[in-house]
Amino acid sequence: GANEDRHTGNMGFAVYQHDTSRTLDPQLHSHCVAPNLTYDRVEGRWKALQARDIYDHTKYLTEVYRNILAGKVRALGYEVEDVIDDKGQNLGFEITGVSAALREKYSTRSKQRDEAIARFTKDHGRTPTKREVAVLVRETRDDKLAHLSAAEVRSRQMKRLTPVEKAELFALRDASLKRHFRPEAVPTLKDALKRSCDHVFERTTVATE
C-alpha cells in the first residue's frame, strides 16, 4: 500500500554477478545488496527497510530471474530445458546437451547440502524445515577463495574434465556459435569502465579506490 511505497521509494541497491560457487564450481548467480535504510518523505525521517513483500514474493522473483537468465542463454545460441522434480515442481533450467553426469560433477554445494540434510534427518528423526535447511547450508559453506584469479579458477575447473567431457563442452560451444555469431563491437568508454568494475569486483566485494 501507500505506506510501503513511501518506505521503498528511495531505496538504492547494487547487484554483483558471480560465476562460481564457494567450492569454485561453475555457477552463474547474482547477489543483490540493499541498505536497510529508507527515507520516509511523509514523516521526514529515515526508517528501516520493509522487506516483507520481497520475502512473500520469493517464488515469483525467482521465476523472473530464471526467465531473464534463460533468455540470455538462448541469445548466445544455446538451447535450454526445464528441470522438473518428482512432485512436478519446476526447479529451473539446464543447458541442453550438458550431460547429467557432468552437471553432477560440478554440483559440490548440492552434495554438501544433501549430506547435511541426511545427517539432520538421522539425528532428529525428521526432515528439516526450509529455514533449518538455510541454516545447514550456511554452516556447511567453505571460506571464499578470493585470492584466486579468474584464470586460475578456470584452469582448476578445466583440469577436472576428462577428455570426453571436454570434447562434449567444446562441441556444444561450437554449435552455439554457429547458431549465433555476432562480431564483438568496439567497446565505448562506458563499456570499458563497466568491464573494469566487473573484473575488479569478480572475486571481492570491497576494493581500494
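A few points on the structure.

Each value, and the rule that gives it
- Residues numbered from 1 in each chain as written.
- Predicted model: local features only at pLDDT ≥ 70, side-chain atom pairs only at ≥ 80, totals over all residues.
- Heavy atoms only, no water.
- Helix = DSSP H or I, 4+ residues; strand = E, 2+ residues; numbered from the N terminus.
- Buried < 20%, exposed > 50% of the residue type's maximum accessible area, 1.4 Å probe, protein only.
- Polar contact = N/O pair within 3.5 Å; in protein donor to acceptor, adjacent residues only side chain to side chain.
- Salt bridge = Lys/Arg side-chain N within 4 Å of Asp/Glu carboxyl O.
- Expected span 1.5 Å × (residues − 1).
- Arc of directions from axis to C-beta.
- Contact = heavy atoms within 4.5 Å.
- Pairing = 2+ DSSP bridges.
- Axes fitted to C-alpha atoms, helices over the stretch in contact; angles between N-to-C directions.
- Parallel < 35°, antiparallel > 145°, perpendicular 65-115°, else oblique.
- Left-handed = near helix turned anticlockwise from the far one by under 90°.

1. A closer look at the environment of aspartate 40
- Among the secondary structure elements, aspartate 40 is positioned in strand β3 (residues 38-40).
- Owing to a relative accessible area of 0%, aspartate 40 belongs among the buried residues under this scheme.
- A distance of 2.9 Å separates a polar side-chain atom of aspartate 40 from the backbone nitrogen of valine 42.
- Polar side-chain contacts of aspartate 40 include one of 3.0 Å to the side chain of lysine 47.

2. A look at unusual backbone geometry
- Notably, leucine 24 is not glycine yet its phi reads approximately 70°, a positive angle.
- Relative to the helices and strands, leucine 24 is located in the loop between β1 (14-20) and β2 (26-33).
- Taking the relative accessible area as the measure of exposure, leucine 24 reaches 6% and is therefore buried.

3. Some points on the pattern of salt bridges
- Per the counting criterion, the structure on display carries 11 salt bridges.
- Among the salt bridges present, the one from arginine 103 reaches glutamate 94, with a minimum N-O distance of 3.8 Å.
- With relative accessibility at 24%, the residue arginine 103 sits in the partly exposed group.
- A salt bridge links aspartate 114 to arginine 113, with the shortest nitrogen-to-oxygen separation between them at 3.1 Å.

4. A look at helix α8 (residues 163-179)
- In this model, α8 (17 residues) spans 25 Å end to end at C-alpha, consistent with the 24 Å of a helix rising 1.5 Å per residue.
- For α8, the set of buried residues is Glu165, Leu172 and Ser176. End-on view of α8: buried residues confined to an arc of 35°, all on one side of the axis. Exposed positions of α8 whose direction lies more than 90 degrees from the buried face are Pro163, Val164 and Lys178.
- Looking at the buried side of α8, the elements it contacts are β6 (90-95) and α4 (100-105).

5. Some words on the pairing of β2
- When β1 meets β2, the two strands line up antiparallel, connected through 6 bridges. Paired with threonine 20 across the two strands is proline 26, which belongs to β2.
- Between β1 and β2, which pair antiparallel one after the other, the connecting turn spans 5 residues, and leucine 24 there sits at a positive phi close to 70°.

6. A short note on the packing of helix α5 (residues 108-124) against helix α6 (residues 130-140)
- For the pair α5 and α6, interaxial distance at closest approach is 9 Å and the crossing angle is 120°. Classed by the angle they form, the pair α5 and α6 counts as oblique. Note that α5 runs across α6; the crossing there is right-handed. From α5, Arg109, Gln112, Arg113, Ala116, Ile117, Arg119 and Phe120 reach across to α6, where they touch Glu132, Val133, Leu136, Val137 and Thr140.

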